Amino acid sequence: MSFDIAAIREQFPILKRVIDGNPLIYLDNAATTQKPQCVIDALVDYYTTCNSNVHRGAHRLADEATRRFEDARDIVKDFINAPKREEVIWTTGTTEAINIVANGLGSLLSAGDEIIATEMDHHANLVTWQQACKASGAVLRTIPVTDAGELDQAAYDAMLNERTKFVAFPHVSNALGTVNPVKAMTAKAKAVGAWVLVDGAQGAAHGYVDVQDIGCDFYALSGHKIYGPMGIGALWGKESVLSTWPVWRTGGEMISTVTLQDATWNVLPYRFEAGTPNVGDAIAMGEAIRWFSALDQEAVAAHEKALLDRATELAEQFEGLTIIGTAKEKIGVLSFVMDQGHPADIGFLLDRQGIAVRTGDHCAQPLMARFGVPGTARASFAIYNTLEEVDALFVALKKVRTMLA
Ligand code: PLP
């Protein structure tokens, strides 16, 4: 298999857009990726041909919708190499997946227990644990970030102890692009008997994930970061943990029996899927993963590396620009500040040239504080980006520098 960038771009209708006379250069992929036509078609086809509620219908449309919905669950399962399909819970995204775990964890914590998160976490993977600690009297500890933007492993080692009940960290930092040593970090947490959650919002966006190899208890991901729709994602959790975990939302589908005074819970995964699920988007997320998985993954990785290498090289030569996050293991993200202007001005002036980047704190305020910046400008790459687009970013940044000077 080869990697035909022109053929890939052709499948993304939005990439044909023109912004103020400039061809769109979309470099905000860590926020959300664009969708190939087959994903859009999967959504339209579902609503056009078999829209129906799942699991409980006694008619053809319900059967078809249920089959497609459950097939999509299998696609997620295979993509992350989960051992069992029952362990894959549909959620609205990574945020909800983390909240499901935090909700259960909260009731299992006591005063004096410790949770470890990190200084580089997205707010979704930090504020949630803050709240769980506040409610239970547990203590939140956070792994510091080094100047290069890596998690300080020595500090992590020193934090782990018999009171550590739970450890959460990102697979890949959305603000820096750092790829964390998740397998080694999980093994250390497991050695003290802690549960481990990996925030995979950015990790899953760049290729296959192997939750069995990582050894974690939970892995959270979002469809919209992997070329799928917004409002859909998944929580994977080990059956041995999830089947004993306190339930999340209550309502239809998640119950087994109900009397006027009490209820018993359904089996996994339905135990955590109260109410009518987001069937169409789950099917389209499955299609996105199917589409992405069919690409030559080695070629995908090589292309993404080439994009980041080129961007880093040009950034290093660019006067007045400082890269924030220079970890040895990095993927997909170039975060930077410039002497001449605030990130918001950089973003505004790039947009006028058709280039979409993200500016601000990237939902990681403690991380920005760590680097002493109010925010950064962030160019983040996906498989449809080209080296020419990276070059164009730096041509545009030169104009920005002149305008701001
Ligand atoms: N964690 C990380 C590392 C992220 O990058 C994001 C989104 O940017 C999230 C969590 C939250 O994902 P979502 O908004 O899809 O729930």
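Predicted model only: the values in this text are computed from it and were never measured.

**Student:** I would appreciate a short explanation of the site of the ligand in the present structure.
**Tutor:** Around the ligand, the neighbouring residues are Gly-93, Thr-94, Thr-95, His-122, Ala-124, Asn-174, Asp-199, Ala-201, Gln-202, Ser-222, His-224 and Lys-225. In the model, an oxygen atom of the ligand is placed 3.3 Å from a nitrogen or oxygen of the Thr-94 main chain. Taking Ser-222, its side chain carries an N or O atom lying 2.6 Å from an oxygen atom of the ligand. In the complex, the protein chains occlude 86% of the 390 Å² of accessible area that the ligand would expose alone.

**Student:** Is there a simple way to think about the side chain of Asn-161 in this case?
**Tutor:** Looking at where Asn-161 falls in the secondary structure, it is placed in the loop between helix H6 (153-159) and strand E7 (164-170). Judged by its relative accessible area of 14%, Asn-161 falls in the buried class. A polar side-chain atom of Asn-161 sits 3.1 Å from a polar atom in the side chain of Glu-114. Each residue touching Asn-161, except ones within four places of it in the same chain, is listed here: Glu-114, Arg-141 and Val-192.

**Student:** How should the pairing of strand E17 (residues 376-380) be read in this particular structure?
**Tutor:** Side-chain direction in a regular strand flips from residue to residue, so the side chains alternate between the two faces of the sheet. Counting buried residues along E17, five of its five residues qualify, which places the element largely inside the surrounding structure. Every second residue of E17 is oriented toward a common face, with Thr-376, Arg-378 and Ser-380 on one face and Ala-377 and Ala-379 on the other, all of them buried. Two strands pair when backbone bridges link them, and strand E14 (residues 333-338) and E17 are joined in this way by four bridges, in the antiparallel orientation. In the strand pairing of E17, Ser-335 is matched with Arg-378. Looking at chain direction, strand E16 (residues 358-360) and E17 are connected through three bridges and run antiparallel. Each residue of the ladder has a partner; that of Gly-360, found in E17, is Thr-376.

**Student:** Just to check I follow, could you spell out the pattern of salt bridges for this structure?
**Tutor:** Evaluation of the coordinates by the stated rule reveals 25 salt bridges. For the salt bridge of Lys-238 with Asp-217, the shortest nitrogen-to-oxygen distance reads 3.4 Å. Residue Lys-238 is located in the loop between strand E10 (233-237) and helix H9 (239-242), and its partner Asp-217 is located in the loop between helix H8 (211-214) and strand E9 (218-222); the two are separated by 21 residues in the primary sequence. Note on Lys-238: relative accessible area 26%, which makes it partly exposed.

**Student:** What is the right way to read the packing of aromatic side chains from this model?
**Tutor:** Note on aromatic pairs: each is described by the distance of the centres and the angle between the planes. Enumeration over the complete set of coordinates arrives at 15 aromatic pairs. Ring geometry for Phe-79 against Tyr-208: centres 5.8 Å apart, planes inclined by 55 degrees, an arrangement best described as tilted. Here Phe-79 is found in helix H3 (residues 60-79), whereas its partner Tyr-208 is found in the loop between strand E8 (195-199) and H8, with 129 residues between them in sequence. For the pair Tyr-227 and Phe-292, a centre-to-centre distance of 5.5 Å together with 35 degrees between the ring planes defines the contact as tilted. Of this pair, Tyr-227 sits in the loop between E9 and E10 while Phe-292 is found in helix H10 (residues 279-293), placing the two residues 65 residues apart along the sequence. Looking at Tyr-227, the relative accessible area reads 1%, which means it is buried.

**Student:** Help me out: how do you make sense of empty space enclosed by the protein in this one?
**Tutor:** A probe matching the size of a water molecule, rolled over the atoms, marks out where space remains unfilled. On inspection of all chains with the given rule, the structure shows one cavity of 30 Å³ or more. Lining the largest cavity we find 13 residues, and of these Asn-29, Thr-33, Ala-205, His-206 and Phe-381 sit closest to its centre.

**Student:** Quick question: what am I supposed to make of the sheet that holds strand E13 (residues 321-323) here?
**Tutor:** Within a beta sheet, neighbouring strands are joined by backbone hydrogen bonds and run either parallel or antiparallel to one another. Read from one edge of the open sheet, four strands run E13-E14-E17-E16, paired in antiparallel fashion. Pairing within the sheet leaves two strands with one partner each, and these edge strands are E13 and E16. The average angle at which neighbouring strand axes cross in this sheet is 30 degrees, direction not considered. Packed on one face of the sheet, helix H11 (residues 297-317) meets E13 and E14 and runs near 15 degrees to E14. Taken strand by strand, helix H14 (residues 387-404) contacts E13, E14 and E17, and its axis lies near 15 degrees from that of E14.

**Student:** How do you make sense of the nonpolar core when you look at a structure like this?
**Tutor:** Judged by nonpolar contacts, the single largest core of 72 residues is most densely connected at Tyr-156, Tyr-219, Tyr-227, Trp-291, Phe-292 and Leu-367. If we skip the residues at most four places from it in the chain, Trp-291 touches Ile-8, Gln-11, Phe-12, Pro-36, Cys-38, Tyr-227 and Ile-383. Val-101, Leu-109, Leu-242 and Leu-268 belong to the second-largest nonpolar core, a separate cluster that totals 27 residues.

The rules behind the values
Residues numbered from 1 in each chain as written. Predicted model: local features only at pLDDT ≥ 70, side-chain atom pairs only at ≥ 80, totals over all residues. Heavy atoms only, no water. Near = heavy atom within 4 Å. Polar contact = N/O pair within 3.5 Å; in protein donor to acceptor, adjacent residues only side chain to side chain. Areas by Shrake-Rupley, 256 points an atom, 1.4 Å probe, with all protein chains shown as cover. Helix = DSSP H or I, 4+ residues; strand = E, 2+ residues; numbered from the N terminus. Buried < 20%, exposed > 50% of the residue type's maximum accessible area, 1.4 Å probe, protein only. Contact = heavy atoms within 4.5 Å. Pairing = 2+ DSSP bridges. Salt bridge = Lys/Arg side-chain N within 4 Å of Asp/Glu carboxyl O. Phe/Tyr/Trp six-rings, centres within 6.5 Å; stacked < 30°, edge-to-face > 60°. 1 Å grid on protein atoms, 1.4 Å probe; cavity = no way out; pocket = protein on both sides within 12 Å on 5 of 7 lines; lining within 4 Å. Points joined across faces, edges and corners; volume = space filled by probe spheres on them. Axes fitted to C-alpha atoms, helices over the stretch in contact; angles between N-to-C directions. Core = buried A, V, L, I, M, F, W, Y, C linked by side-chain atoms within 4.5 Å.

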